[in-house]
Amino acid sequence: MMIRVGIPKGSLQEATLQLFARAGLQVYTNGRSYMATTGDPEIECMLIRAQEMARYVDHGALDAGLTGLDWVLESGLEIVTVADLIYAKQSRGKVRWVLAVPEESRYQRAEDLGGCIIATELVNVTRDYFMRKGVDVSVEFSWGATEVKPPTLADAIVEVTETGSSLRANHLRIIETVLESNTQIIANKKAWADTDRRSKIQNLALMLRGAMEAQGRVGLMLNVRKSDLPGVLAVLPALNSPTVSTLSDPEWVAVNTIIDEHLAWDMIPRLKAANATGIVEYPLNKVVM
């Protein structure tokens, strides 16, 4: 059995390949080919633009794929959502599609744009957004460089942003958020109905999410006398609760936990002060919840 997985080509490609690698699945790409092999003989990949992913998953050319919620909604297709993966080109957060206007314009909200031209790549979602508000606008597809179109070629735009820096650089002001989006694993309905293929896709999702959960976290293990354990536990936050194990010496226990990496700098000296010994900080590859 072989499953074919779509990887978004373009701005999300490198972040996605890095995520696969952290999950333990190497993807071997070739600059001259849209096909890619992997370290799993039952998984092959194809590089596809995120905007087209839902269509090819729906058609069955791909068993599964990674793309944004935004492009799934834009496609209007009914496909299986397997899992959410919260990462973007520059960060681990969601992205926003925002309604933006020139800084000096009089527009303050979507309702002020009646009769105006809105430029965007996300045409269907934008039309639905204004329709729900009862605002009559002309939504035009933008092939790119959308930020430069107001005020000459459009009155406003709906554009995706992580930080808003590109919009500010082009003297645009955000007035509303149209949609929050994140990467998803989606699957073809027939592939999802097949027990073996479904299991393979679920395992892929499990490992990818495990790699994401581990990002920015480290493990800590230490030894401490039972009499000092309450003081050590008071210092430690935990994913759930720290694991406390008995040692060969009944007066001592071992403590194992997971913390956010940025906390270790202050926490380890505090643990030492609480009489912990043998403190080891170690990296994490995956955290499977």
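Being a predicted model, the structure only gives us computed values, none of them experimental. (Residues numbered from 1 in each chain as written. Predicted model: local features only at pLDDT ≥ 70, side-chain atom pairs only at ≥ 80, totals over all residues. Heavy atoms only, no water.)

Remarks on the sheet that holds strand β2 (residues 27-28)
- In spatial order, the strands read β2-β3-β4-β1-β5-β12-β6; together these 7 strands make up an open sheet with mixed pairing. The sheet is open, and its two edges are formed by β2 and β6 (80-85), each paired on a single side.
- In the sheet, strand β3 (residues 35-38) pairs with strand β4 (residues 43-49) via 2 bridges, with the strands oriented antiparallel. Opposite Met-35, over in β4, you have Met-46 as the bridge partner.
- Sheet contacts for helix α1 (residues 13-23): β1 (3-9), β2, β4, β5 (64-68) and β6; angle to β1, the most-contacted strand, approximately 135 degrees.
- Seen against the sheet, helix α7 (residues 195-214) touches β1, β4, β5, β6 and β12 (183-187) and runs at an angle of roughly 15 degrees to β6. (Pairing = 2+ DSSP bridges. Helix = DSSP H or I, 4+ residues; strand = E, 2+ residues; numbered from the N terminus. Contact = heavy atoms within 4.5 Å. Axes fitted to C-alpha atoms, helices over the stretch in contact; angles between N-to-C directions.)

What to know about the packing of α1 against α7
- At a closest axis distance of 8 Å, the pairing of α1 and α7 adopts a crossing angle of 95 degrees. What the angle tells us is that α1 and α7 run roughly perpendicular. Taking contact as the criterion, the partners of Leu-19, Phe-20, Arg-22 and Ala-23 in α1 are, on α7, Leu-204, Met-207, Leu-208, Ala-211 and Met-212.
- Classifying every residue of the contact of α1 with α7 gives 8 nonpolar, no polar and 1 charged. (Parallel < 35°, antiparallel > 145°, perpendicular 65-115°, else oblique. Nonpolar A, V, L, I, M, F, W, Y, C, P; charged D, E, K, R; others polar.)

Examining the packing of aromatic side chains
- Under the definition given, this model contains 3 aromatic pairs.
- Considering the side-chain rings of Trp-71 and Trp-97, the 5.7 Å spacing of their centres and the 90 degrees angle between planes classify their relative orientation as edge-to-face. Residue Trp-71 is found in helix α3 (residues 69-75), and its partner Trp-97 is found in strand β7 (residues 95-102); the two are separated by 26 residues along the sequence.
- Look at Trp-71 and you get buried, because its relative accessible area is 11%.
- A centroid spacing of 5.5 Å and a plane angle of 85 degrees characterise the contact between Tyr-129 and Phe-130, whose relative ring orientation is edge-to-face. One exposure class covers both Tyr-129 and Phe-130, and it is buried.
- Lying across the ring of Tyr-56, Arg-55 places its NZ or CZ 5.1 Å from the centre. (Phe/Tyr/Trp six-rings, centres within 6.5 Å; stacked < 30°, edge-to-face > 60°. Buried < 20%, exposed > 50% of the residue type's maximum accessible area, 1.4 Å probe, protein only. Lys NZ or Arg CZ within 6 Å of the ring centre and 35° of its normal.)

Quick look at the environment of Asp-63
- Mapped onto the secondary structure, Asp-63 falls in the loop between α2 (50-59) and β5.
- Considering only alpha carbons, one finds Asp-63 and Met-2, 61 residues apart in sequence, at a separation of 9.4 Å.
- A polar contact is formed between the side chain of Asp-63 and the backbone nitrogen of Arg-4, at a distance of 2.8 Å. (Polar contact = N/O pair within 3.5 Å; in protein donor to acceptor, adjacent residues only side chain to side chain.)

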